[in-house]
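Summary of structural features
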Amino acid sequence: MPPVLFSFMLLGALCSLGQAMSREEKQRLRNQVVEMFDHAYQNYMDHAYPADELMPLTCRGRVRGLEPSRGDIDDALGKFSLTLIDTLDTLVLLNKTTEFEDAVRRVLSDVRLDNDIVVSVFETNIRVLGGLLGGHAMAVMLKEGGQHMQWYQDELLHMAKDLGLRLLPAFNTSSGLPYPRVNLKYGVRGPETRTGTETDTCTACAGTIILEFAALSRFTGDPVFEAHARRALDFLWEKRQRNSNLVGTTINIHSGEWVRRDSGVGAGIDSYYEYLLKAYILLGDDLFLERFNIHYASIMKYISQPPLLLDVHIHKPLLPARTWMDSLLAFFPGLQVLKGDIRPAIETHEMLYQVTKKHNFLPEAFTTDFRVHWAQHPLRPEFAESTYFLYKATGDPYYLEAGRTVMDNLNRFARVPCGFAAMKDVRTGSHEDRMDSFFLAEMFKYLFLLFAEPDDLPFDVEDYVFTTEAHLLPLSLSVAPHSSSVPSNRTSEEELDDSNFDWTCPNTRLLFPDPAFPRNLREPIRSAVDKSCPRPVPYREPGLGRPPLRAQDFMANNPEHLELLRRMGVSLIHLKDGRVQLVQHATQAVSAVAAEDGVRFMQEMMELSSQQQKEQLPPRAIQIVSHPFFGRVVLTAGPAQFGTDLSKSSTGVRGFVTVAEPYSGCSEITNAEYVQGHIALLQRGQCMFAEKARHIQKAGAIGGIVIDDNEGSSSDTAPLFQMAGDGRSTDDITLPLLFLFHKEGNILLEALKEYREVEVLLSDKARDRGADVQEAEEDCLTEATTPTSHEPTAQSQMSTVELDESAPEEVSPVDEDTSPAEDISPPKEEVSPTEGEPSLAQPKEGRDSEKKEEPEGDTDSSSQSVDELLADWREDLEAFKQMEKDEL
């Protein structure tokens, strides 16, 4: 992994994006894909075969009827060794020809297709029929090569035709739409065969037949299969909503009425659109492309809200149908690549990638602000599919890194001793005793192809089309003999005007004359996802060591934390202005796991600050109302995102100031008797702002003022600073807390040094000073008796660094693609005064930090200093007035 640099001063990020992955690294990853496949496949063969699927947690096969029913999910299981059939062409692609030949012999000798069992027509078609046809295509290809499968005599094709004939009874409806289920032995005969009673089916269930059935017809010369698949597609096309040109999710197979009128590109519809375009690619019939293009135009008009893809109502397509997305739509960027529409493919894929990085996997459903809606993840391959197609289209090595992320997460979170287990909850990392056949059929194909060089492949994949289950059907079928009696319900050319669409694939080199173009599309999407949803605590299996350091817990003065950073490959670079850069080099981490923890720590640090940058808060005012200022001095203060909201207080908070001990406010206040009833002065550093507020609130303070310890900082030159919370609830903080830069804070401290008792008003804006002058002049005739402590102590105990506050408000989150010139908002770390240096509350000339009395002979200089400060106050007052005008 290339080194990644996050600058927490500018909060930019540097990484070597666009740098090609070396051939050696691609080979290493490719070999890792093969090892992962072997782990899954061999465990299925050792522990599950001839069962349909492997149960990887209990290391046994899933046999339908022997395990508790999982509802519709079990309709994919037909006691026909599903995983083995689904994996046949994967074996060939991964150069496992010996294993493929053995698997074919097993299928021919062991698998029966006449079981008295009810199965899903859709799942059986794409997994079993597609698997048999893909296996047949591979067997023929190998046989023609002259070295393997010389004994093969189309046995898999014969099995495929037998299965096709067993599925055909499901199409015996008035509409031509198939029943959703069929009995492999008895067909559709009513309740006695547990079939024929359904009235509804999903659009994808009826519209994802054409590739397999047309291939079967053209392989065998029997047109009946392709004819039934075309009839179903024709009916769905006729029933589209004519104004929006969208289809619903569920349809009545008898009447053609839409049962569910929501329309999207995810579950229930997804592969209907996919098969329209791929049917054109495989069969060469323009009708399919015309229909797809019309649907696609409506999808981009109504459903696509880049980077989101949101369901709408087919009759009111401008009305959203739901506020969440399901993970099956992750195939759509890959389909857009086939269509030639690369830009929205990049945008949607990037959104999906960021959601994946936040939750380790794509949740089954997630909200429009990218939070978990349904937490399961059954190891779906659609994101890897789109990643492969985007890499093929752009050649951008960014997608190789995305593929690496998929692999790493599978190995780290899903891998178990007997295979790979589906995620029951991506938030907790809990597993489900399930490894679906599509994991072997699809995931490893796309990952292997992503990292493979052309000479690694046993055949040219450009000669094949991938089905929705990633089975390989040869494009030569487009010229295979087929009956001219296959009906084609072509409607009028006026209705199917396709003049707005190109009929040639675009040249991707011309699409991206600027190599940075794809990255420029990705950056705003990444920022939007980062702002919306924080990453969860990374899950670790018991026994794998302590959890990594969390950004919200990090303290720069904690040696243990600094050591943990070192182990993760994260180092701190101190800058001259007191801030630091955090730099992460994966190669310097003690292990690959530690390197990943380091990347996650950097990401969390950005997210922590991103959470803290809420809506812009206006500046606040600290008005000195006691003698001799009488409200004439107003200091510009930064607000806090917690505590009393001064904008909702008509009077503000008024009180005398006193310096808290310890001055940092990071532990229990030792001079609570003086802080009680006063406004406490604190120095920035060593802990979170919220912790300071809690300590002075416990001591009885009525408010707090935090003074910047970065010497020379001023509201004149720095942007407005607003204090953030600590990542936890701050509802317990009820007092107001304001922030002063060093220059303004020094004014207040110098006044306190000279006049002992200084009363201030904390408010959202300066108050009328006439009444304050009269009241203060009367008050100053009476000597106050309240003792006030004003000196910070224990300066030598302060840490030399801190990392507790958010950056100035005008910042935005970044990620690994942003340039260092961009600003984001993590905590800063700054140098505090060390022992022997003058503190903010002390005069600049020689003062022993251990003495309590003032040194003699500095009255004149102090008086002169106050005169100079009054000039600054007037400037501050005018500046604050101007800020108030700007706010209005």
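What counts, and at which threshold
By convention here, each chain's residues receive numbers from 1 onward along its written sequence. In keeping with the predicted nature of the model, local features appear solely for residues at pLDDT of at least 70, side-chain atom pairs appear and are counted solely at 80 or more, and the whole-chain, interface and lining totals rest on all residues. Excluded from the side-chain calculations are hydrogens and water; all other atoms, namely the structure's heavy atoms, are used. Segments assigned H or I by DSSP are reported as helices when at least four residues long, segments assigned E as strands when at least two residues long, and all are numbered from the N terminus. Residues are treated as being in contact if the distance between any of their heavy atoms lies within 4.5 Å. Computed over the protein atoms alone on a 1 Å grid, cavities are sets of points where a 1.4 Å probe fits but cannot get out and pockets are open sets with protein on both sides within 12 Å along at least five of seven lines; a residue lines them when it has an atom within 4 Å of a point. Grid points are joined across faces, edges and corners, and a volume is the space filled by probe spheres set on the points. Basic side-chain nitrogens of Lys or Arg form a salt bridge, by our definition, when they fall within 4 Å of a carboxyl oxygen of Asp or Glu. Only protein chains enter the accessibility calculation, which uses a 1.4 Å probe. A residue is then buried if its area is under 20% of the maximum for its type, exposed if over 50%, and partly exposed in between. What is meant by a nonpolar core is a set of buried Ala, Val, Leu, Ile, Met, Phe, Trp, Tyr and Cys residues, joined one to another through side-chain atoms within 4.5 Å. Disulfides are defined in this document as cysteine sulfur pairs within 2.5 Å. As a per-residue quantity, pLDDT reports the predictor's confidence and falls between 0 and 100. Any two strands with at least two DSSP-identified bridges between them are counted as paired. Looking down the strands as they point away from the viewer, one classifies a crossover as right-handed if the path from the first strand across the helix to the second runs clockwise. Between N-to-C directions, angles span 0 to 180 degrees; the directions come from axes that are lines fitted to C-alpha atoms, helices contributing only their stretch in contact. In protein, a polar contact requires one atom able to donate a hydrogen and another able to accept it; more generally it is a pair of N or O atoms within 3.5 Å, and residues adjacent in sequence count only if both atoms are side-chain atoms.

**Let's talk about the environment of Glu257**
- Residue position: Glu257 is located in the loop between strand E8 (250-252) and strand E9 (258-260).
- Through-space distance from the C-alpha of Glu257 to that of Lys239 is 7.9 Å; in sequence the pair is 18 residues apart.
- Those residues in contact with Glu257 that sit more than four places away from it in its chain are Thr250, Ile251 and Asn252.

**Examining the layout of surface pockets**
- Quantified by volume, the largest pocket comes out at close to 1,400 Å³.
- If you trace the largest pocket, you find 48 residues lining it, with Phe122, Glu123, Ala267, Leu328 and Arg380 closest to the centre.
- Counting residues per element, the ones that place at least two in the lining of the largest pocket are helix H5 (121-145), strand E7 (200-202), helix H7 (203-207), helix H10 (270-283), strand E14 (324-326), helix H14 (382-394) and helix H16 (437-451).
- Broken down by element, the residue count for the lining of the largest pocket peaks at 5 residues, all from H5.

**A few points about the pattern of salt bridges**
- Scanning the entire structure with this criterion turns up 46 salt bridges.
- Glu453 is the partner of Lys26 in a salt bridge, and the nearest nitrogen-oxygen pair spans 3.3 Å. In this pair, Lys26 is assigned in helix H1 (residues 23-47) and Glu453 in the loop between H16 and strand E21 (464-466), connecting sequence segments 427 residues apart. The same class applies to Lys26 as to Glu453, namely buried.
- Among the salt bridges present, the one from Asp114 reaches Arg112, with a minimum N-O distance of 2.9 Å.
- The class for Asp114 is partly exposed, based on a relative accessible area of 26%.
- In the salt-bridge network here, residues are joined through shared partners; they are Glu53, Arg70, Asp74, Glu123 and Arg127.

**Here's the deal with the nonpolar core**
- Core analysis: the biggest nonpolar cluster contains 172 residues, and Phe100, Tyr273, Met351, Leu410 and Phe420 have the highest contact counts within it.
- Considering every element that reaches this core, the biggest residue donor is H5, with 12 residues.
- Discounting chain neighbours no more than four positions away, the residues touching Met351 are Pro307, Leu308, Met325, Phe366, Phe370, Ile525 and Val529.

**Structural notes on the state of the cysteines**
- Throughout the structure, instances matching the rule amount to 3 disulfides.
- A disulfide bridge connects Cys59 with Cys418, and the sulfur atoms are separated by 1.9 Å. Its torsion about the S-S bond being 95°, the disulfide of Cys59 and Cys418 is classed as right-handed. Placement of Cys59 in the loop between strand E3 (53-55) and strand E4 (60-62) and of Cys418 in the loop between strand E17 (415-416) and strand E18 (419-420) is noted, with a sequence separation of 359 residues between them.
- The class for Cys59 is partly exposed, based on a relative accessible area of 28%.
- Look at Cys418 and you get buried, because its relative accessible area is 6%.
- Between the sulfur atoms of Cys666 and its disulfide mate Cys687 the distance is 2.0 Å. Judged by the torsion about the S-S bond (-85°), the Cys666/Cys687 disulfide is left-handed. One end of the pair, Cys666, is in the loop between strand E27 (653-659) and helix H21 (672-675); the other, Cys687, is in the loop between strand E28 (679-683) and helix H22 (689-698), with 21 residues separating them in the sequence.

**Description of the confidence of the model for the protein**
- Residues with a pLDDT of 70 or more make up 74% of the protein, whose mean pLDDT is 80.
- In this model, residues 1-17 is a region of pLDDT below 50 whose contacts with residues beyond four sequence positions or in other chains number 70 contacts.
- Every residue in residues 536-546 scores below 50 in pLDDT, and together they form 21 contacts with partners more than four places removed in sequence or on other chains.

**Considering the pairing of E28**
- The buried fraction of E28 amounts to 5 of the 5 residues, a majority that puts the element mostly inside the structure.
- Both faces of E28 are covered, namely the face carrying Ile679, Leu681 and Gln683 and the face carrying Ala680 and Leu682.
- Sheet topology note: the E27/E28 ladder contains 3 bridges and is parallel. Looking across to E28, one finds that Val657 is bridged to Ile679.
- Read from E28 through H22 to strand E29 (residues 703-707), the crossover connection turns out right-handed.

**Some words on the sheet that holds E14**
- The strand order across the open sheet formed by 3 strands is E14-E15-E16, and the pairing between neighbours is antiparallel. On the outer flanks of this sheet lie E14 and strand E16 (372-374), each paired with one strand and no other. Within the sheet, the average angular offset between the axes of one strand and its neighbour, ignoring direction, is 30°.
- Pairing analysis gives 2 bridges linking strand E15 (residues 365-367) to E16, with the strands arranged antiparallel. Counterpart to Ala365 in the pairing with E16 is Trp374.

**A word on the environment of His295**
- When you line up the elements, His295 lands in helix H11 (residues 286-303).
- His295 gets classed as buried once you look at its relative accessible area, which sits at 0%.
- Along the sequence, His295 and Trp237 sit 58 residues apart, while their C-alpha atoms lie 9.7 Å from each other.
- Those residues in contact with His295, other than ones at most four positions away along the chain, are Trp237, Arg240, Asn245, Val247, Tyr272, Tyr273 and Leu276.

**Thoughts on the side chain of Ser120**
- Structurally, the position occupied by Ser120 is in strand E5 (residues 118-120).
- Using a relative accessible area of 10% as the deciding quantity, one classes Ser120 as buried.
- A polar contact is formed between the side chain of Ser120 and the backbone nitrogen of Glu123, at a distance of 3.1 Å.
- What Ser120 contacts, discounting residues up to four positions off in sequence, is Asp75 and Pro180.

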